[in-house]
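# Coordinate inspection notes
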Amino acid sequence: MRTIGHFIGGKEVKGTSGRFADVYEPMTGEVQAKVALASKAEVRAAVENAAAAQVGWANTNPQRRARVMMKFLELVQRDYDKLADLLAREHGKTVPDAKGDIQRGLEVVEFACGVPHLMKGEYTEAAGPGIDIYSMRQPLGVVAGITPFNFPAMIPMWKFAPAIACGNAFVLKPSERDPGVPMALAALMIEAGLPEGVLNVVNGDKEAVDAILDDPDIKAVGFVGSSPIAQYIYERAAANNKRAQCFGGAKNHAIIMPDADMDQTVDALIGAGYGSAGERCMAISVAVPVGKTTADRLMEKLIPRVESLKIGPSTDPSADFGPLVTRAALERVKDYVEVGVKEGATLAVDGRGFKMQGYENGFYMGGCLFDNVTKDMRIYKEEIFGPVLSVVRAKDYNEALALPSDHDYGNGVAIFTRDGDAARDFAAKVNVGMVGVNVPIPVPIAYYTFGGWKKSGFGDLNQHGPDSIRFYTKTKTVTSRWPSGVKDGAEFVIPTMN
Ligand code: NAD
């Protein structure tokens, strides 16, 4: 059995805690590896290593730091197929979708290559008599990322690329469910020229996470995962005087206006609702047709599409989606479907009985579609994180607008319409962080920022884009006056720029 340790000081090291977790191959249901779960002492060793390496790295000029990122881009391209295969086999998503996972991470690495420009400070000449003011951005020191299972390439890169480009050292605690790709990425960063110790990976569970949160040398924590854990991390990190940005779960709505192009909308819903078996924080999990005619037209087109979804093993490039990540995740999603039935929603398509021929122990289920879901139901209020789409019928635009706005989660939302006025009004008023207009998964590109509102995000700066540079640096402002005109004696009135 393959064992996966940690990546500390530029190389993979064995775990010493004696504790391990199973890493499954979801498409077969078999355990394919054991991953070590770090103890507090192992996390501390990684932090000490990172702290020692960070000083030299911060003193490396930003162009040289950017060149490491450029080389890393090249190396990931070289190993693309291998990484995508490993990712698909540990996560369960299809290989083409795994390539997308890697690509969306690389785009943030590309953004981080601009760090010499992005870290430039401000300068005001003659802000007062003989006084110049300038600001500079400096790295924080050692920072950490705690990431979820569902994007094992993209989210680690969203975290470590801007942080490292800014001159920090990084301790990554990836999901224990699919740690193979984060470990491979760390090795590629070293091959790209990153000094040993600047990027460390500690695998683990709550014990490792708590050690990160309590470590006095870790200055900032970037988290992505479910909302209860996001809130826990945010509170504990803040109590320990760390910066924290913690992104949580989601319940993303798609509003379908009566004038929407229904074929385009159904295509969009099918991809965004069921791609990656619904295990995306930007998946559409609620469709809101406006008016009865729209709802009936939508259901008429949607039902056969959900029934004909092609589920397959992760290595089948023609599959629409593959298995869920673990048996526990599969059972959890099936339980939610049962809850929906008991709550009185109409189960228009039931995919629970799906079996994958030749892969009978894999964690598969077919697509499920609920109609007549209402606001008070648990299947509406809670994140299911599986291939389940709920249709909530709204009588008019205002009712549709209120649904995502009043929901506890506020990650993404989309409106499908041909009416520019409705789209504009919706984008302005909806109480959600990322909005799509005829775009079902509005994940902003790398040079904008990504972040949800309400229970989907704790903290005040988003991921990637300019916010990531702000999050991983601290600003120092220098007010200077050179000797001339300071011979007038002491001043007792607060300096102003009058
Ligand atoms: P999770 O919350 O179970 O785990 C995330 C990380 O937290 C993992 O590294 C895990 O080891 C750690 N963790 C889990 N339980 C912990 C505990 N009790 N104490 C300390 N640490 C703990 O999330 P997941 O199942 O891996 O990922 C799916 C979730 O992530 C979904 O809710 C999804 O919506 C969300 N997500 C959000 C975004 C976003 O940007 N908002 C992006 C991707 C995924």
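Because the structure is a prediction, the values reported are computed rather than measured. Sequence positions are assigned chain by chain, starting from 1 and proceeding in written order. Given that the model is predicted, a residue must reach a pLDDT of at least 70 before its local features are reported, and side-chain atom pairs must reach 80 or more before they are shown or counted; all residues, however, enter totals for whole chains, interfaces and linings.

Before going further, it helps to spend a moment on the packing of helix α10 (residues 262–274) against helix α11 (residues 292–307). Taken N-terminus to C-terminus, the directions of α10 and α11 make an angle of 45 degrees; their axes are 10 Å apart at the nearest point. Relative to α11, the element α10 is oriented oblique. For α10 against α11, the interelement crossing comes out right-handed. Side by side, α10 and α11 meet where Met262, Val266, Leu269 and Ile270 of the first sit next to Arg297, Leu298, Lys301, Leu302 and Arg305 of the second. Amino acids are sorted into nonpolar (Ala, Val, Leu, Ile, Met, Phe, Trp, Tyr, Cys and Pro), charged (Asp, Glu, Lys and Arg) and polar (every other residue, Gly among them). Tallied by class, the residues present in the contact of α10 with α11 amount to six nonpolar, no polar and three charged. Geometry is summarised by axes, namely lines fitted to C-alpha atoms with helices restricted to the contacting stretch, and by angles between N-to-C directions that run from 0 to 180 degrees. Elements are defined by DSSP. Helices are runs of H or I of four residues or more, strands are runs of E of two residues or more, and each kind is numbered from the N terminus. Any angle between 65 and 115 degrees counts as roughly perpendicular, while under 35 counts as roughly parallel, over 145 as roughly antiparallel, and the rest as oblique. Two helices cross in a left-handed way if the nearer one is turned anticlockwise from the farther one by less than a right angle. They cross in a right-handed way if the turn is clockwise. Residue pairs are scored as contacts if the distance between their C-beta atoms, which are placed from the backbone, is within 7 Å.

This next bit is on the domain arrangement of the chain. As far as domains go, the chain holds domain 1 (1–247 + 451–478) and domain 2 (250–435). On a C-alpha basis, the centroid separation for the pair domain 1 and domain 2 is 31 Å. Facing the 24 residues of domain 1 at the interface are 32 residues of domain 2. Elements with a contribution of two residues or more to the side of domain 1 that touches domain 2: α3 (80–91), α4 (95–112) and β21 (453–454). Among the residues forming the side of domain 1 that touches domain 2, the class breakdown is eight nonpolar, ten polar and six charged. Domain delimitation in this document rests on an assignment produced automatically or drawn from a domain database.

A separate point is the site of the ligand. As a structural note, the neighbourhood of the ligand is formed by 26 residues, with Pro148, Gly225, Ser226, Gly249 and Cys281 the closest of them. Two domains each donate at least three residues to the shell around the ligand, and these are domain 1 (1–247 + 451–478) and domain 2 (250–435). For each residue, a C-beta position is placed from the backbone atoms; the residue is near a molecule or strand when that point lies within 6 Å of it.

It is worth spelling out α11 at this point. Working note: α-helix, 3.6 residues per turn, so residues spaced by three or four point in the same direction. How far a helix is expected to stretch is found by multiplying one less than its residue total by 1.5 Å. Its 16 residues give α11 an end-to-end C-alpha distance of 22 Å, which sits within 8% of 22 Å, the value for a rise of 1.5 Å per residue. When we look at burial in α11, the residues that qualify are Thr294, Ala295, Leu298, Leu302 and Val306. For α11, the elements touching its buried residues are β13 (252–256), α10, β14 (284–289), β15 (346–349), β16 (368–371) and β17 (388–391). Exposure classes come from backbone-placed C-beta atoms, where a residue is buried if 20 or more other C-beta atoms lie within 10 Å of its own, exposed if 12 or fewer do, and partly exposed in between.

Attention shifts here to the sheet that holds strand β19 (residues 412–416). The strand order across the open sheet formed by seven strands is β15-β16-β17-β14-β13-β19-β20, and the pairing between neighbours is mixed. In the strand order of this sheet, the two ends are held by β15 and β20 (434–437), each with one partner. Averaged over all neighbouring strand pairs, the angle between strand axes comes to 20 degrees, with direction disregarded. Across three bridges, the pairing between β16 and β17 is parallel. Looking at the pairing, Leu369 lines up with Leu389 of β17. When DSSP finds at least two bridges between two strands, those strands are taken to pair.

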